[in-house]
Amino acid sequence: MAITAAPAGLDPSRPYRLHPQVAVRPEEFGALAYHYGNRRLVFLRSPALVELVRRLGDHPSVEAALATVNASRRPAFAAALASLERAELIQDAGPAAARSRPPKDASDGAPPLGSPPASPTGATSRPLVAQLRPGLESPICLTWELTYACNLACVHCLSSSGRRDPAELDTAEARAVIDEMAAMSIFYVNVGGGEPTIRPDFFDLVDYAVDRGVGVKFSTNGTRIDAARAAALAAKDYVDVQVSLDGATAAVNDAVRGEGSYAAARRAMDHLAAAGFGPFKISVVVTRHNLGQLDDFDEIARSYGAQLRLTRLRPSGRGADTWDQLHPTAEQQHQLYRWLLDRPHVLTGDSFFHLSALGESLPGLNLCGAGRVVCLIDPVGDVYACPFVLHPDFRAGNVRQPGGFASVWRQSSLFADLRRSQSGGACSACGAFDACQGGCMAAKFFTGLPLDGPDPECALGHGEPALSRAGVRPATGPGHSRPSPVAVPLRLRRGARS
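Just so it is clear, the model here is predicted, and its values are computed rather than measured. (Residues numbered from 1 in each chain as written. Predicted model: local features only at pLDDT ≥ 70, side-chain atom pairs only at ≥ 80, totals over all residues. Heavy atoms only, no water.)

Trainee: Describe the pairing of strand 6 (residues 141–145), with residues and values.
Mentor: Moving residue by residue along a regular strand, the side chains alternate between the two faces of the sheet. Within strand 6, 5 of the 5 residues are buried, which leaves it mostly tucked inside the rest of the structure. Neither face of strand 6 is open: one carries Cys-141, Thr-143 and Glu-145, the other Leu-142 and Trp-144, and all of them are buried. The pairing of strand 6 with strand 7 (residues 188–192) spans 5 bridges and is parallel. Residue pairing for strand 7: Cys-141 is matched across the bridge by Tyr-188. (Buried < 20%, exposed > 50% of the residue type's maximum accessible area, 1.4 Å probe, protein only. Helix = DSSP H or I, 4+ residues; strand = E, 2+ residues; numbered from the N terminus. Pairing = 2+ DSSP bridges.)

Trainee: Could you give an account of the sheet that holds strand 4 (residues 40–44), with specific residues and numbers?
Mentor: Within a sheet, adjacent strands bond to each other through the backbone by hydrogen bonds, running parallel or antiparallel. Taken together, 3 strands build an open sheet; the order of strands is 2-3-4 and the sheet is antiparallel. In the strand order of this sheet, the two ends are held by strand 2 (22–27) and strand 4, each with one partner. Going from strand to strand, the sheet's axes swing by 20° on average, the running direction of each strand aside. As paired elements, strand 2 and strand 3 (residues 30–35) share 6 bridges and run antiparallel to each other. Its bridge partner lying in strand 3, Ala-23 is registered against Tyr-34. (Axes fitted to C-alpha atoms, helices over the stretch in contact; angles between N-to-C directions.)

Trainee: Tell me what's going on with the packing of aromatic side chains, and back it up with residues and numbers.
Mentor: Under the defined criterion, the tally for this structure stands at 12 aromatic pairs. Centroid distance Tyr-34 to Tyr-36: 5.0 Å. Interplanar angle 85°. Geometry classified as edge-to-face. As far as burial versus exposure is concerned, Tyr-34 and Tyr-36 are alike and both buried. With 5.3 Å between their ring centres and 35° between their planes, Tyr-34 and Tyr-188 make a pair best called tilted. Residue Tyr-34 is found in strand 3, and its partner Tyr-188 is found in strand 7; the two are separated by 154 residues along the sequence. The exposure class of Tyr-34 is buried, given its relative accessible area of 3%. Under the relative-accessibility criterion, Tyr-188 is labelled buried at 9%. Sitting above the plane of the Tyr-208 ring, Arg-212 keeps its charged end 3.5 Å from the centroid. The ring of Trp-409 carries the charged tip of Arg-419 above its face, separated from the ring centre by 4.5 Å. (Phe/Tyr/Trp six-rings, centres within 6.5 Å; stacked < 30°, edge-to-face > 60°. Lys NZ or Arg CZ within 6 Å of the ring centre and 35° of its normal.)

Trainee: Requested: an account of the state of the cysteines, with residues and values cited.
Mentor: All chains considered together, the criterion is met by 0 disulfides. Note on Cys-440: no disulfide assigned, nearest cysteine sulfur contributed by Cys-386 at a separation of 6.3 Å. Given the relative accessible area of 6%, Cys-440 is considered buried. Lacking any disulfide linkage, Cys-458 is separated from the closest cysteine sulfur, that of Cys-436, by 6.3 Å. (Disulfide = S-S within 2.5 Å.)

Trainee: Can you tell me about the pattern of salt bridges, naming the residues and giving the values?
Mentor: What the rule picks out here adds up to 19 salt bridges. Taking the shortest distance from any N to any O, the salt bridge between Arg-312 and Asp-455 comes out at 2.5 Å. In this pair, Arg-312 sits in strand 11 (residues 307–312) while Asp-455 sits in the loop between helix 16 (441–445) and helix 17 (463–468), placing the two residues 143 residues apart along the sequence. Given the relative accessible area of 6%, Arg-312 is considered buried. Between Arg-395 and Asp-382 there is a salt bridge, and its shortest N-O distance comes to 2.9 Å. Of this pair, Arg-395 sits in strand 14 (residues 395–398) while Asp-382 sits in strand 13 (residues 382–384); the two residues are 13 residues apart in sequence, bridging distant segments of the chain. With relative accessibility at 13%, the residue Asp-382 sits in the buried group. Here the residues in one salt-bridge network are Arg-164, Glu-168, Arg-199 and Asp-201, joined through shared partners. (Salt bridge = Lys/Arg side-chain N within 4 Å of Asp/Glu carboxyl O.)

Trainee: Can you lay out the sheet that holds strand 9 (residues 239–244) for me, pointing to particular residues and giving the numbers?
Mentor: Ordered in space as 11-10-9-8-7-6-12-13-14, the 9 strands form an open sheet in which the pairing is mixed. Of all strands in the sheet, those with a lone pairing partner are strand 11 and strand 14, marking the two edges. With 3 bridges connecting them, strand 9 and strand 10 (residues 281–286) associate as parallel partners. Bridge pairing links Gln-242 to Lys-281 in strand 10. With respect to the sheet, helix 5 (residues 171–183) is in contact with strand 6, strand 7 and strand 12 (376–377), its orientation differing from that of strand 6 by roughly 175°. Together, strand 10 and strand 11 form the strand contacts of helix 10 (residues 294–304), whose direction differs from that of strand 11 by roughly 145°. (Contact = heavy atoms within 4.5 Å.)

Trainee: Requested: an account of the environment of Asn-290, with residues and values cited.
Mentor: If you trace the backbone, Asn-290 turns up in the loop between strand 10 and helix 10. Judged by its relative accessible area of 0%, Asn-290 falls in the buried class. Reaching out from Asn-290, the side chain makes a polar contact with the backbone oxygen of Asp-246 at a distance of 3.0 Å. (Polar contact = N/O pair within 3.5 Å; in protein donor to acceptor, adjacent residues only side chain to side chain.)

Trainee: Lay out the nonpolar core in plain terms, naming residues and giving numbers.
Mentor: Core analysis: the biggest nonpolar cluster contains 83 residues, and Trp-144, Ile-282, Leu-310, Phe-405 and Phe-415 have the highest contact counts within it. Of the residues forming this core, the biggest block, 7 residues, is contributed by helix 6 (residues 202–211). Residues in contact with Trp-144, not counting those within four places in the same chain, are Leu-169, Ala-174, Val-177, Ile-178, Met-181, Val-189, Asn-190, Val-191, Gly-192, Ile-377 and Asp-378. Counting 26 residues, the second-largest nonpolar core is a separate cluster that includes Ala-65, Ala-80, Leu-84 and Leu-89. (Core = buried A, V, L, I, M, F, W, Y, C linked by side-chain atoms within 4.5 Å.)

Trainee: Give me the lowdown on helix 8 (residues 250–257), citing residues and values where you can.
Mentor: By the criterion of burial, helix 8 is predominantly enclosed, with 7 of the 8 residues buried. All of the buried residues along helix 8 are Ala-251, Val-252, Asn-253, Asp-254, Ala-255, Val-256 and Arg-257. Tucked into the core, helix 8 has its buried residues touching strand 9, helix 9 (261–274) and helix 11 (319–326). Where helix 8 ends, the next residue or the one after it, Gly-258, has phi of about 110°, a positive value.

Trainee: Explain the pairing of strand 9 to me, and be specific about the residues and the numbers.
Mentor: Burial analysis of strand 9 places 6 of its 6 residues in the buried class, the great majority of the element. In this sheet, strand 9 lies alongside strand 8 (residues 215–220) in parallel orientation, the contact comprising 5 bridges. Considered in strand 9, the bridge of Phe-218 is made with Val-241. Between the parallel pair strand 8 and strand 9, the chain is carried across by helix 7 (residues 227–234), and the sense of this crossover is right-handed. (Right-handed = clockwise from strand over helix to strand, strands pointing away.)

Given below as structure tokens:
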């Protein structure tokens, strides 16, 4: 019997196979599939679909593969395979087909992070967010601050970086952590600091991770990316570079990141572009002073063939002291929401899921993934629920303890608590709760709000009254700021765009 034709792009009469650069990791709801070449992450939300994809190459055609599936599921499974083909997770396996194609730009219309290709008939009917709340066998990715050493003193630094901690993991210990990541099928690690390139063994650790199938995405202020290092990075597979820039002009950027930091970041971008490094990322922490420059940031990214990534300012680290002055106003939050809806090519990494309360959900999981799908390892091996809650209350363990990181992820009592159903508190009575999930845990915690209270930047205006009744803000700890950091004024110089 003929199989229902799949949407244009997938030829059911031809053989297909899983792309050789794709890894599939089983999970309770089905599996995660990650393409190391084009950095696509896709949720396969049916065990039957996972089995079909894994065995696709055993059949002479897609049509023959679909014939092994219950007839009621075939149209949905055909649509799922077509979506996987667009994302290049499966490829034509015929002798006349091009066996490899250049990775697509992330804005080419393939499914973004958090969006499954399809939810085939017969898959669990629970929303993806509900399926992820109990946590994953391994993180999708994790953030790793390799060092607190930094040659800048950004006023919003969430880890108060500056000085190296003498107890930071040495090279052998760092390699052991990477070995664990590979064994746990963690697809990639977001490396930061501090300034990670200050570590003498940084590039050796990058090579070590890549050689073991763990992709590396690292953030840098750009001060140490010269022409030679840019060329070396461009020659590496499975490495992404993210250059931090918090102003589209030197005046706005340097008021937060320090004098000369804008010029240094632009030089790094020039070197990366000249070396032919693929679409590197430009990372912007959105503040009330740079929000009016969003179009300018977008144009800078386009001029380099780069991707723009916006992240939310959190009140942690030195950011706790400057959040009141820097976080966007309520009017600017609405402006940001509309701007993001009109520009789906701009990456956010779920930074602004609290804005989904305004109506249409922004791309992504719209979920606080702390301890569920993400976590952080700091330079001394302490594991925290997320990169924005570096506080003893959210410390889950240390990779130096028996069982290493895997034991912390799978057995930590803190993570077990975070993965249980949480009370929405007063927010659960709000009609927008399912969209915003109450907002960011870190933003609440460091502004003295209860974790089941509203986000301090609640898009519907519930944050301001809550802040007026907030308790004492938790101390962010001693930090690692240098004894005499460079003083950076928060007010903009005359003539700067705001």
